[in-house]
Amino acid sequence: MVIAGGGVLGTMHAVMARRRGFEVVQLEREAEARGASVRNFGLVWVSGRKAGPELSLALRARELWADLGAQVPGLGFRAAGSLTLATGDAELTLLKEAAALPDADRREFELLDPAAVRAVNPALRGDFAGGLLCRADAIVEPRQVLPALRGHLAAGGEGTAGYEWLPGREVTEIAPNAVRDHTGAWHQCDLAVLCPGAALTGVAGRYLARGGPSPVRRVRLQMMQTAPLAERVTTALADSDSLRYYPAYDLPGRALLPPQAAAAGRARAQLLLVQRADGGLTIGDTHEYAEPFAFDLDEDAYEHLRARAETLLGGPIPPVRRRWAGVYSEVNPAVAPHALYHRAEVESGVILVTGPGGRGMTCSPAIAEETFR
Ligand SMILES: Cc1cc2nc3c(=O)[nH]c(=O)nc-3n(C[C@H](O)[C@H](O)[C@H](O)COP(=O)(O)OP(=O)(O)OC[C@H]3O[C@@H](n4cnc5c(N)ncnc54)[C@H](O)[C@@H]3O)c2cc1C
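Per chain, the residues get numbers from 1 upward, laid out in the order the sequence is written. Side-chain atom pairs in this predicted model are given and counted only at pLDDT of 80 or more, local residue features only at pLDDT of at least 70, and totals for whole chains, interfaces and linings cover all residues. By convention in this description, side-chain values take in all heavy atoms of the structure and omit both hydrogens and water.

How should the overall build of the protein be read in this particular structure?
Numbering of helices and strands runs from the N terminus, with a helix taken as a DSSP run of H or I at least four residues long and a strand as a DSSP run of E at least two residues long. The secondary structure content of the protein amounts to 11 helices and 19 strands. Our radius of gyration is a C-alpha quantity, and the globule rule it is checked against amounts to 2.2 Å times the number of residues to the power 0.38. Here the protein has a C-alpha radius of gyration of 21 Å; the compact-globule value for 373 residues is 21 Å, and the two agree. Residues counted as buried form 56% of the 373 residues belonging to the protein. If you take every contact in the protein between residues at least 6 apart in sequence, the share linking residues at least 24 apart comes to 74%. Carbon and sulfur atoms make up 52% of the accessible area of the protein, which totals about 15,200 Å². Of the charged side chains in the protein, 40 are positive and 43 negative, and the gap between their average positions amounts to 1 Å. Exposure classes here rest on a 1.4 Å probe applied to the protein chains alone. A residue is buried below 20% of its type maximum, exposed above 50%, and partly exposed in between. Residue contacts are counted whenever heavy atoms from the two residues lie within 4.5 Å of one another. Computed with the Shrake-Rupley method and a 1.4 Å probe, the accessible areas treat only the protein chains shown as cover for residues. Charged residues are defined narrowly, with Lys and Arg counted positive, Asp and Glu counted negative, and His plus the chain ends left uncounted. To locate a charge, the coordinates of NZ of Lys, CZ of Arg, CG of Asp or CD of Glu are taken.

Put into structure tokens, the structure is as follows:
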């Protein structure tokens, strides 16, 4: 089997293929994957998923991540859970509604008052009216996941040898039972899986452009990372702006939320905060949908996110050491409003998988499993 794309979707397909006894050759156009899979929070995020297939996919993926985490310590998998924090009464009312959802137990939700929030996460010394603990949420280390999984495959962790990683090779052509890379080399295969991420032109482009509007669109996000904070932030954190975006919170109380801060509204921002294994804080994010995307980083959005993080933590965050933007592809809501991602057999024996959007890191192992099913 040949896989085009060295991001988390391509790599999870390699894992699931090796489990089923396929020999795998994985090609990546860059010297190392540099797409959404290394730019994200590493959140394995169950809490905000829509009831039904989306929640089931995320929960299956959470199980697969936990199993992989036990086998591959380099993933940095931690069953840390998350806290979504209410600023005031309106947000708290919405969190209460979420805690009473029929599937709240599957999400491992528990509504906490401020004292109980601080007992779970003592780093939270700031202002909030309460929090929703989601014990099902987890964290992995995005800068480590891909090399760690490849090391596991190369060491025969999913069965004896049969995994080859070919970086610096862009797949440019597809023929029956073979793909060609930009050097002209052909790679024979029984099955090819294309996981090109947000590359909507190139080899996958002709399939995505076929007949009508594209089944996927792109979204750009801004992120930053601080120097290490001396104290542990025991859970992942989300602020109440996340209640505006995640489908699980599409409940009556959402209509009663106060208006969003202007800077947050402009950048479609929500605060998500994850402490990295080295103590640094990954903080984001924003959402830009209209292309052409900005090529530079917007400081207003960063100031808003920093202020939000400091309000919740009750003190200054360490200096910012890195800033970046990332782009993911997600299913186009105008084409497939209920799809969780895009999979199509674009030629006989050639499967294109992309478009998981903001749930891609979370759901990647379960999406790869579904491809083989
Ligand atoms: C800032 C940000 C934060 C996010 N946070 C989270 C989060 O916390 N949790 C979560 O669940 N999801 C999150 N996401 C979404 C998640 O990161 C993506 O959905 C996921 O990483 C997509 O994986 P992928 O493998 O499809 O794409 P990518 O990671 O973009 O990988 C695609 C790879 O394919 C390569 N490629 C493209 N074309 C070719 C070709 N022709 N030949 C060879 N190689 C090719 C590219 O170079 C790239 O390395 C976030 C995304 C961003 C941008």
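When you look at the site of the ligand in this model, what are you seeing that I'm missing?
We call a residue near a given molecule or strand whenever any one of its heavy atoms falls within 4 Å of it. In the vicinity of the ligand, 38 residues are found, and the nearest of them are Glu28, Ser37, Leu43, Gly357 and Thr362. Within the backbone of Cys195, a nitrogen or oxygen atom sits 3.4 Å from an oxygen atom of the ligand. Pairs of N or O atoms within 3.5 Å make up the polar contacts considered here, provided that, within protein, one atom can donate a hydrogen while the other can accept it, and that residues adjacent in sequence are counted only when both atoms are side-chain atoms. Met361 has a polar backbone atom sitting 3.1 Å from an oxygen atom of the ligand. Considering the ligand on its own, with 1,000 Å² of exposed area, one finds that the protein chains cover 96% of that surface. Within the shell around the ligand, the residues separate by chemical class into 18 nonpolar, 13 polar and seven charged. Throughout, the ten residues Ala, Val, Leu, Ile, Met, Phe, Trp, Tyr, Cys and Pro are labelled nonpolar, Asp, Glu, Lys and Arg are labelled charged, and all others, Gly among them, are labelled polar.

Is there a simple way to think about the environment of Ala339 in this case?
Locating Ala339 in the fold gives a position in the loop between β17 (320-331) and β18 (342-347). Those residues within four positions of Ala339 in sequence are excluded, and the remaining contacts are Val331 and Arg359.

Can you walk me through the packing of helix α3 (residues 53-71) against helix α11 (residues 360-372) in this structure?
The N-to-C vectors of α3 and α11 enclose an angle of 95°; their axes lie 7 Å apart at closest approach. The orientation of α3 with respect to α11, classified from their angle, is roughly perpendicular. Between α3, through Leu57, Ala58, Arg60, Ala61, Leu64 and Trp65, and α11, the contact on the second element is made entirely by Met361, Thr362, Cys363, Ser364, Pro365, Ala366, Ile367, Glu369 and Glu370. The class makeup of the residues in the contact of α3 with α11 is 10 nonpolar, two polar and three charged. Axis definition: a line fitted to C-alpha atoms, over the contacting stretch in the case of helices. Angles run 0 to 180 degrees between N-to-C directions. Every angle not falling under 35 degrees, over 145, or within 65 to 115 is termed oblique; those three ranges are roughly parallel, roughly antiparallel and roughly perpendicular.

In this structure, what is going on with the pattern of salt bridges? I would like to understand it.
Salt bridge criterion: a side-chain nitrogen from Lys or Arg within 4 Å of a carboxyl oxygen from Asp or Glu. This structure, assessed with the given rule, holds 24 salt bridges. Between Glu299 and Arg323 there is a salt bridge, with its nearest N and O atoms 3.5 Å apart. Taken as a pair, Glu299 in helix α10 (residues 299-313) and Arg323 in strand β17 lie far apart in primary sequence, 24 residues in all. Judged by its relative accessible area of 39%, Glu299 falls in the partly exposed class. A relative accessible area of 35% means that Arg323 is categorised as partly exposed. Residues Glu369 and Arg373 are paired through a salt bridge, measuring 3.2 Å at the closest nitrogen-oxygen approach. We classify Glu369 as buried; its relative accessible area is 7%. In this structure, a network of salt bridges that share partners links the residues Arg60, Glu63, Glu369 and Arg373.

Taken by themselves, the reported measurements are silent on function.
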